[in-house]
Structures are given as C-alpha cells and as structure tokens.
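# Chain and residue survey
Residue-level listing of the chains:
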Amino acid sequence: MKKLFIVIFTIICSLSLVVLSGCSKDDGKTTVTFYHTMGANLREVLDKYIVKFNEENPDIKIVHEQVGSYDDVRDQIITELQAGRQPALAYCYPDHVASYLRSKKVVDLNEYINDPEVGLTADQIADFIEGYYAEGSQFGDDTKMYSLPFSKSTEVMYYNKTFFEENELALPTHWFSVDEADTTSMEYVIGTIKTIDPNSVPLGYDSEANWFITMTEQLNTPYTAAATDVEDRFLFNDPSNVSFLKKFKTWYDNGWMTTQLVYGGYTSGLFTNLKQTDGKILRSYISIGSSAGATYQCPAKVGETYPFEVGIAPIPQADQDNLKVISQGPSITMFKQKDEAVNDATWLFIKYLLTNANFQAEFSMASGYVPVLKSAFEVPAYIDFLADAGYTKETIASLSAKVCMEQEDNYFTSPAFVGSTDARDEVGQLLVSVISAGKNATDADINELFIDAVNKCITLNR
Amino acid sequence: MRMKRFIIFLLLIIASLGLASCKTTDPTSWDYVRDQSLTDFAIQATLNENNLNSDFDVTGRGYVTVETFIDGDTVHFRNYSKTRILKVRFIAIDTPESTGKVEPWGKPASLYTKSKLEDAQAIVLESNEEGNPVFDSTGERYLAWVWYQAKDSDVWRNLNVEILQDGLAMGKNSSSNRYGTIAQAALTDARANDLNLYSGENDPLFFYGETVELTIKALVTNKDAYNGIKVRFEGVVTKVDGNAVYIEQYDEDANQAFGVYVYGGYASLAPRFLVVGYQLIITGTADNNENFGFQVSGLSFSLIDPTVNDVVIVAKNVETTPTLILADELLTNEYLDATYVKMENLQVVSIYTTTNDDSSSQGAMTLTCQTADQQTIIVRTVVLMSNNELVTEEYFQNKTITVIGIVNYFEGVPQIQLFNLNDVTIIQ
C-alpha cells in the first residue's frame with residue numbers, strides 16, 4: 001500500500017509539474033522576438049496569423065511586444081544594440097534604420113530576398129507597391145535592402161462636407177491664391193470660412209513637421225541632404241521656405257488655422273467639436289491628418305444622427321506637375337542574432353507576413369493603414385470594404401483608404417541619415433515658433449528662428 | 001483503509017490546488033514587494049519644491065488630491081485651489097489597459113498606482129516643461145509627472161519612474177522628456193530584471209481560462225461571479241452610445257429583457273458591427289468597474305476568416321421595441337439596468353442642467369418627473385441638439401412627456417437615459 005501511495009504521489013506531482021510548466025520559455029523552439037507599436041486590436045490580428053504561420057513552422061516561436069511609440073522602439077533598440085540584446089525584428093522608420101546601421105547589426109535583406117531556396121520570387125517582389133519597396137534601399141548603397149514595408153498611410157484632408165455643400169465652397173486643391181478669382185486655394189477657402197463663421201478656426205493641421213517637409217517637397221526647395229559634413233546636411237534655411245512660413249504666419253495671425261502643438265491636442269478634436277462655449281462652438285471645418293486616423297475625424301452621433309458628414313480629399317499641392325504627399329507607416333527591419341537559426345526563422349516570418357495578401361488586407365482593415373501588396377486589393381473582403389466607402393464613422397475608414405491609395409504614385413520619403421530625426425523635430429518646432437511669433441515679429445526675427453533651428457541640428461550632430 | 005482515505009484526501013487537495021491555479025485571484029487586490037537590492041530610480045530625480053501651493057493647470061506645478069482613480073497611467077485629481085478637476089495622463093509611461101479593454105498586467109498596474117497614491121501624505125503634479133501644463137493628443141488630459149510622499153516619509157518619489165522600474169508600463173516617448181535619462185534607465189532595468197510585464201509570466205489577475213457561454217440574464221444577475229471572466233452571449237443592439245452599445249436578450253422564464261453595456265473601443269471595424277438592430281454573438285471580458293459600472297469589453301472584429309473570439313453578426317435589421325414599463329417596475333426591478341424601455345405620461349416637475357465648463361456633459365439635463373400616481377422618476381438626457389441648436393430647459397418645462405431610453409443607475413437610483421430628441425414625445 002505504501003508503494004501504491006508513493007507511485008500515485010509521484011504521478012500526481014509529475015502531472016502538476018507538467019501543468020505548471022505551461023509557461024516555460026525553454027521549449028526547444030527557435031524564438032523570434034519582434035518589437036512593434038501595435039495596440040491590442042492589431043496584436044489580435046497578428047496573433048491570428050502567427051497561429052497560421054506556426055501551422056507551417058511549428059518549431060518557430062514568435063514573441064512579439066508592443067514597446068511603446070515608434071520613438072520608444074528606436075530608443076529601446078539603440079540601448080539593446082549596445083548590449084548585444086537587440087530583437088530579431090522590429091517596426092522601423094527610415095531614420096531609425098539610419099541610426100541602427102552604425103551598429104552593423106542590421107541584416108541586408110537582399111541576402112534572403114535573392115536566396116534561390118527561401119527568397120522571394122520575381123512575382124512576389126513585383127507584388128509590392130514599387131514606391132514602398134524602394135524605401136528599403138535608400139540608405140546610401142542601393143544594392144542593400146535594410147527594411148521592407150509593412151503598412152502605409154499618408155496625410156489627407158478631412159472636410160466638413162455638410163458645411164462645404166451648404167455654403168457652396170470648392171475644395172482647396174492648392175495652397176496659395178493665384179489671383180482674386182481663385183476660389184480653389186486653401187488661402188481663399190479658409191478666409192471665406194472665417195467670414196461665414198467668425199468663431200471658427202477654419203483649418204487644423206496635425207503634424208507641423210510633416211507640413212514643413214511636405215511643402216519643401218512640393219515646392220522642390222531645400223530641406224536636408226545625406227552629406228558627409230554635418231554643416232551640409234541641414235539645408236532648410238532657404239528664402240522659399242521662409243516665404244511659405246511667413247504666409248502661414250499670416251493665416252495664423254488672422255485666426256484661420258492652428259496646429260497640434262498650438263492647439264494642444266490632435267486637431268481632430270477641434271474638427272469634431274460640438275461643445276458650446278457661451279453659446280458658440282469653437283470648431284474647424286478642415287482637418288489635415290493621417291489617413292489612418294479617419295474614424296477620429298468623425299463626430300459622435302447626436303441622438304440617432306451625425307451632426308455633419310465628413311469628406312476626404314488629397315491635401316492641397318503647390319505644383320500640379322510635382323504632386324507630393326508624405327509616406328508614413330511602419331516598415332520592418334531585421335537584426336543579426338548570434339544563432340543563425342534565429343536569423344533564418346526571422347526571415348521566414350517576414351516572408352510569411354509580407355507576401356500574405358489576406359494578412360495585409362486584414363491588418364489594413366483593422367488599422368486604417370493601406371496594404372503594401374497589390375494582391376491585397378484583390379482580396380474579396382477588402383474589395384467589399386473599399387466599396388463601402390462613405391462619409392460617417394461606419395464607412396469613413398474605407399473612404400480614407402481609397403483616397404490614400406489613389407495617391408500612391410505621389411508618395412515621398414525624406415533622406416534618412418544620422419541626424420534626420422533632429423531635422424524633422426526642429427522644422428516642426430520652427431513652424432510653431434514662426435506662426436506664433438506675434439504680429440509684430442519682423443523679418444529679422446523670423447530669419448533668426450531659421451538660423452537657430454539649423455544651428456541646433458548641427459550642434460546635436462557634431 | 002486508512003491509507004486509502006489518506007490517498008483520496010491527498011488527491012482532493014492536489015486537484016483543488018490545480019483548479020485554483022486556473023481561476024483568477026481577487027481582481028481588487030495585488031501585493032507586490034520590490035526586491036530591495038534593485039536600484040531605486042524613483043528617487044534619483046529631485047522635485048523642485050518651489051511654488052507648490054499653486055494650481056498645476058495654471059503654473060505647471062502644485063499640490064493636488066485624488067478625485068478618481070482610472071487606471072495605471074490616468075488619474076483625476078482636484079487642483080490646489082479645489083476649483084477644477086484635472087484629468088491627468090502620466091508622462092513617459094503607458095500601462096496595459098484595465099478599463100474599456102482589459103489586458104494582462106493592466107489590473108496590477110491600476111492597483112499599484114492606486115495603492116501608492118491612496119496612502120500618500122502629499123501629491124504634486126509637475127509639467128514636463130517648466131510653467132507650461134499641456135494636454136495629451138486627446139486635448140482633454142493634462143500630461144504630468146506625478147510625485148508623492150509616502151506615509152511617514154518626506155522623500156518625494158517620482159511615480160512615473162517608479163511604475164517603469166517595477167515593470168508595469170511600456171515607455172511612451174520615455175527618453176525624450178525632462179527626466180528621460182532616468183525613465184529610460186528605469187525601464188531598461190525592469191526589462192533586464194524580468195519584472196512583471198517583462199517577466200514572461202502570466203498576470204495573476206488576468207483571466208486566461210476558457211470562455212463561458214451564457215445568456216445575458218445569467219451574466220447580469222451574477223455580475224460579481226463573472227467579473228474578469230471572458231464571456232460569450234447573444235443579443236440585439238438597441239442603442240449606440242459613442243464607442244459602446246447596449247445589447248439585450250429576451251428571457252421567456254423571467255418574461256423580461258435583460259440588457260448589458262458593451263464597449264466596442266476604437267477598433268476601426270467596430271462601427272460596422274455595432275449597429276442598432278444587429279443580432280450579434282459577443283465575446284468579451286466582463287468587468288464590474290467601480291468607475292464605469294458593469295460592462296463587457298475587449299471585443300475583436302474580423303471580415304476575413306473570423307475566429308471564435310470575433311464578434312459575429314447573426315442577423316441584421318432585427319426590430320428593436322422598447323419595453324413599456326411602469327414606475328413600480330423601474331423602481332423595484334433591480335435587473336432592468338441597460339435595458340431599452342418606454343415610459344408614458346411623465347410630468348416634468350423640475351430640471352437641472354449640467355453647467356460645468358470642464359464637463360463634456362455641459363448642457364445635458366436631469367428631468368425630475370412624476371407619474372400619475374405621484375411616483376418620482378428621473379430622466380437624464382445627453383446634450384440634445386435640434387437643428388444645430390442646443391435644446392434647453394424651456395423645451396421640457398411643465399410638459400408631460402413620453403420617453404424611450406436605456407435604464408441606468410446614478411448613485412443607486414434608477415433613471416432613464418435619453419440619447420435623442422426623437423425619443424421624447426411631448427404629450428401636453
């Protein structure tokens with residue numbers, strides 16, 4: 001009986017250990033770590049496709065983690081690169097990759113892409129939207145590929161469709177008025193809106209940095225260059241750039257526009273505001289922001305109905321022969337690991353996600369970003385999703401994706417180099433400093449702000 | 001024989017232990033003791049103690065008191081002069097969700113923040129840029145560093161850093177701020193020491209078990225039993241309220257409908273599923289939240305190859321008819337919460353309008369009404385608009401009305417929540 005007791009006790013203890021060891025990390029699988037910024041909704045989509053990936057690759061374990069914002073991902077990786085503890089895979093923006101390259105631990109993906117056994121076929125490469133795919137080889141040596149596109153977005157112009165129709169306003173297609181009869185300039189439209197509703201701030205622009213950089217692309221004026229000498233990298237103190245910022249300052253001084261930093265929150269808050277203060281509603285009628293944030297640009301229902309419909313159009317341009325909109329949204333980059341099996345497993349996972357039209361379509365519907373694969377636009381559910389495009393919260397994401405997609409030939413990215421992040425931060429701050437410099441600010445004051453911004457970039461990168 | 005009994009006894013104990021490990025522990029408490037040998041980054045920064053007797057919303061620094069605990073990185077405080085309630089989002093950190101959507105380590109983070117501030121003898125808010133309090137991207141919540149002195153201590157501790165160092169938050173632009181170096185070091189240290197969120201272990205307060213399939217009646221008549229549990233049920237959407245909906249299901253045995261508040265969150269596909277008249281199968285986590293009441297959240301949506309956990313549309317355009325109820329029923333039936341009802345012939349006897357500038361409910365009204373048999377019924381409106389004009393007290397004054405809305409409770413008293421002017425009929 002004693003023996004029986006010992007046997008049973010041993011079996012039960014062993015079983016308990018098996019149950020409790022479900023959380024063990026040491027399960028003999030090749031582990032791929034993936035840092036990203038995905039919130040819970042997107043992590044669920046990713047998890048679903050990891051399950052499918054594991055059906056084909058049961059010996060690979062994907063451990064993924066929302067590290068924080070894009071900057072947190074970058075900062076965490078820079079810290080870990082120094083200690084040799086970097087993840088295998090991470091979300092990235094081009095300027096992040098430029099920072100990582102100094103570590104020599106970023107994998108040239110062409111080594112895998114061109115591999116005859118595990119690489120991409122010509123059809124798979126051709127399935128990527130060309131402009132997005134090309135971003136990965138913009139780091140000085142175009143024979144090397146340091147990132148692949150994951151999902152993309154751009155900036156679009158949201159407008160209060162109901163108000164525009166009621167007041168028979170034309171949509172702005174360019175920034176500045178050519179002459180007095182020009183009713184399709186942003187300048188004319190926001191001036192007119194201010195006359196109709198003096199309590200409004202007609203235009204809200206979320207990203208100051210995007211606005212400045214986009215203007216330099218549209219006007220083909222200097223911004224930055226990936227030059228060897230630090231003094232030659234920050235070129236944005238240019239008379240044409242001073243000129244457009246001075247015009248924006250006039251708009252601001254007239255109460256025609258605001259930005260996220262000036263307003264103190266996403267300007268979608270102003271665009272959708274219905275709250276009355278002293279019997280008046282402080283609101284905007286145009287909001288320029290990310291195409292991925294469309295649902296935030298829709299007002300809440302009042303009772304059973306929406307107080308106004310929201311239209312979406314491309315942002316205005318400076319030159320109809322040089323159409324430019326900023327390319328946003330994450331790419332992914334791969335880091336070398338000591339264990340070659342991890343490197344190979346990481347590539348298999350990248351290949352699975354980025355050649356999978358269903359994943360691309362589903363991730364896009366959940367995120368508001370657009371797919372990077374042409375084939376995703378042929379997935380029946382995504383075709384239905386786009387067909388539903390409309391002007392309210394239920395259907396605005398589809399409309400946004402359509403407008404975003406229609407502009408894919410006009411996407412640009414800025415040169416990425418060590419210090420390009422500083423340039424971006426500084427021009428964003430510069431725009432705020434100039435527009436809020438006060439009505440008495442002189443040309444000399446504004447020139448001084450430009451000089452200070454350039455000098456700050458140079459100092460930070462010496 | 002005695003040995004046999006002992007073996008059975010042993011089996012029962014071990015089986016009980018096994019079962020216990022599958023359940024969540026008490027979701028309202030979490031004890032965490034930090035290893036004292038670890039570096040304490042929370043005292044590495046120094047609080048500038050000048051000008052603390054001032055309002056943070058004016059000067060960017062000042063003493064505050066807690067008004068409401070929301071979650072691990074958001075607390076509502078009352079300012080120094082007690083004139084305003086400040087919604088505050090902690091700078092540099094992002095704790096997992098514990099309201100709206102419950103994520104692993106969200107509850108521990110929430111309880112951690114609460115425990116630190118609940119026992120504090122003094123709390124100070126400080127803006128990132130001196131003298132410049134700013135909002136976060138929502139435009140409604142101040143971004144702040146939160147400092148506190150623990151009971152019987154005169155040492156100011158930086159709670160943002162402390163949450164990072166104990167591995168209860170991700171960074172959120174954690175290195176680009178006034179205490180960025182310390183914040184980043186605290187986060188790196190938590191990761192290196194595998195603390196909590198970074199331990200790779202399960203959150204002891206999170207429910208990892210199987211989904212419980214049940215009726216709405218079973219759910220809402222046993223709220224405490226299902227608190228924190230993943231549930232699946234079917235029902236029809238009766239009202240949309242922002243990012244949330246009310247869903248109800250008729251129960252023949254009880255001869256009444258039972259309703260539940262379901263939070264859809266900001267998923268871009270949510271508005272396509274959460275539509276009035278849609279019959280849905282919902283899978284989400286039940287949460288008996290002290291701030292937001294009982295709700296089901298954590299929904300997922302998919303248009304391609306949905307999993308068992310995604311919301312399923314069973315039917316569209318299902319007719320939703322409010323249940324006609326009498327005052328007695330509203331005042332005595334405790335299970336009418338979140339149901340869609342109609343009440344007739346209510347005489348409006350007094351009106352209160354929310355006037356607080358800080359409130360998104362500014363302009364909403366509470367109508368105190370009487371029925372024909374002199375019973376008092378409360379009707380609460382949202383901010384009502386008619387042709388882009390605010391509907392004011394005058395609209396309801398001395399009127400007899402019939403209303404359609406959702407039953408909810410305010411400070412334990414049932415009321416009918418109106419969402420739309422169309423749901424009011426003026427009888428006379």
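Fair warning: this is a prediction, and the values are worked out from it, not measured in the lab. (Residues numbered from 1 in each chain as written. Chains lettered and ligands numbered in written order. Predicted model: local features only at pLDDT ≥ 70, side-chain atom pairs only at ≥ 80, totals over all residues. Heavy atoms only, no water.)

### Observations regarding the overall build of chain B
Scanning chain B for helices and strands turns up nine helices and 24 strands. Taken along the three principal axes of its C-alpha coordinates, chain B extends 75 × 70 × 45 Å. Within chain B, buried positions represent 51% of all 428 residues. The contacts of chain B with a sequence gap of at least 6 include a subset with a gap of at least 24, amounting to 62%. Carbon together with sulfur atoms contributes 49% to the accessible area of chain B, which is approximately 19600 Å² in total. (Helix = DSSP H or I, 4+ residues; strand = E, 2+ residues; numbered from the N terminus. Buried < 20%, exposed > 50% of the residue type's maximum accessible area, 1.4 Å probe, protein only. Contact = heavy atoms within 4.5 Å. Areas by Shrake-Rupley, 256 points an atom, 1.4 Å probe, with all protein chains shown as cover.)

### Remarks on the packing of aromatic side chains
Residue and element names in this part refer to chain A. A complete count under the given rule lists 51 aromatic pairs over all chains for this structure. An angle of 55° between the planes, with centres 6.0 Å apart, marks the rings of Phe234 and Phe417 as tilted. In this pair, Phe234 is assigned in the loop between helix H10 (208–219) and helix H11 (239–253) and Phe417 in the loop between strand S14 (411–412) and helix H18 (420–435), connecting sequence segments 183 residues apart. Each member of the pair Phe234 and Phe417 is classed as buried. Through pairs of rings, three or more aromatic residues link up here, namely Phe34, Tyr49, Phe53, Tyr70, Tyr91, Tyr93, Phe150, Phe349, Tyr352, Phe359 and Phe363. Lys161 extends its terminal NZ or CZ atom over the ring of Tyr391, reaching a point 4.1 Å from the ring centre. (Phe/Tyr/Trp six-rings, centres within 6.5 Å; stacked < 30°, edge-to-face > 60°. Lys NZ or Arg CZ within 6 Å of the ring centre and 35° of its normal.)

### Here's the deal with the nonpolar core
With 135 residues, the main nonpolar core has A:Phe248, A:Trp251, B:Leu219 and B:Phe233 as its most contacted residues. Residue contributions to this core peak at eight residues, all from helix H14 (residues 340–354) of chain A. Not counting residues up to four positions away in its chain, the partners in contact with B:Leu219 are B:Leu214, B:Tyr226, B:Val231, B:Phe233, B:Val260, B:Ala286, B:Phe294 and B:Val296. Grouped together as the second largest cluster of nonpolar side chains are 50 residues, B:Phe90, B:Tyr112, B:Ile123 and B:Ala144 included. (Core = buried A, V, L, I, M, F, W, Y, C linked by side-chain atoms within 4.5 Å.)

### Some thoughts on the pattern of salt bridges
Should the charged atoms of two oppositely charged side chains come close, the side chains can pair. All names here are of chain B. Applying the stated criterion across every chain, the model contains 34 salt bridges over all chains. In this structure, Glu162 engages Arg157 in a salt bridge whose closest nitrogen and oxygen atoms are separated by 3.1 Å. We classify Arg157 as buried; its relative accessible area is 16%. Salt bridges here are not isolated pairs; linked through shared partners, they connect Asp40, Lys116, Arg157 and Glu162. (Salt bridge = Lys/Arg side-chain N within 4 Å of Asp/Glu carboxyl O.)

### Some words on the sheet that holds strand S1 (residues 30–36) of chain A
Residue and element names in this part refer to chain A. In space, the five strands of this open sheet follow the order S2-S1-S3-S13-S4, with mixed pairing throughout. Of all the strands in the sheet, the pair left with one neighbour each is strand S2 (60–66) and strand S4 (148–149). Two strands pair when backbone bridges link them, and S1 and S2 are joined in this way by seven bridges, in the parallel orientation. From the neighbouring strand, Val32 faces S2, where its bridge partner is Ile62. (Pairing = 2+ DSSP bridges.)

### A look at helix H19 (residues 443–461) of chain A
Residues and elements named next belong to chain A. Spanning 19 residues, H19 covers 28 Å between terminal C-alpha atoms, matching the ideal 27 Å at 1.5 Å per step. Along H19, the positions that sit buried rather than exposed are Ile446, Phe450, Ala453, Val454, Cys457, Ile458 and Asn461. The buried residues of H19 occupy an angular sector of 130° when projected down its axis, which confines them to one face. Turned more than 90 degrees away from the buried face of H19, the exposed residues are Ala444, Thr459 and Leu460. (Expected span 1.5 Å × (residues − 1). Arc of directions from axis to C-beta.)

### Brief notes about the pairing of strand S5 (residues 155–160) of chain A
Residue and element names in this part refer to chain A. Among the six residues in S5, six count as buried, and that is most of the element. The alternating pattern of S5 places Glu155, Met157 and Tyr159 on one face and Val156, Tyr158 and Asn160 on the opposite face, and all of these are buried. Pairing of S5 with strand S10 (residues 286–290) involves five bridges; the strand directions are antiparallel. Within the sheet, the bridge partner assigned to Tyr158 lies in S10 and is Ser287.

### Observations concerning the environment of A:Val107
Residue and element names in this part refer to chain A. Tracing the sequence through the fold places Val107 in the loop between helix H4 (94–101) and helix H5 (110–113). In this structure Val107 comes out as buried when scored by relative accessible area, which is 4%. With 39 residues separating them in the primary sequence, Val107 and Tyr146 have C-alpha atoms 6.4 Å apart. Excluding its chain neighbours within four sequence positions, the residues that come into contact with Val107 are Tyr112, Met145, Tyr146, Met334, Phe335 and Lys336.

### Quick notes on the sheet that holds S5(A)
Residues and elements named next belong to chain A. Spatial strand order, S7-S6-S10-S5-S11: five strands in an open sheet with mixed pairing. Lying at the two open borders of the sheet, with one neighbouring strand each, are strand S7 (257–259) and strand S11 (310–314). Strand-to-strand twist of the sheet, defined as the mean angle between neighbouring strand axes without regard to direction, takes the value 25°. Across the sheet, helix H9 (residues 186–196) touches S5, strand S6 (203–205) and S10, and the angle it forms with S10 is around 130°. (Axes fitted to C-alpha atoms, helices over the stretch in contact; angles between N-to-C directions.)

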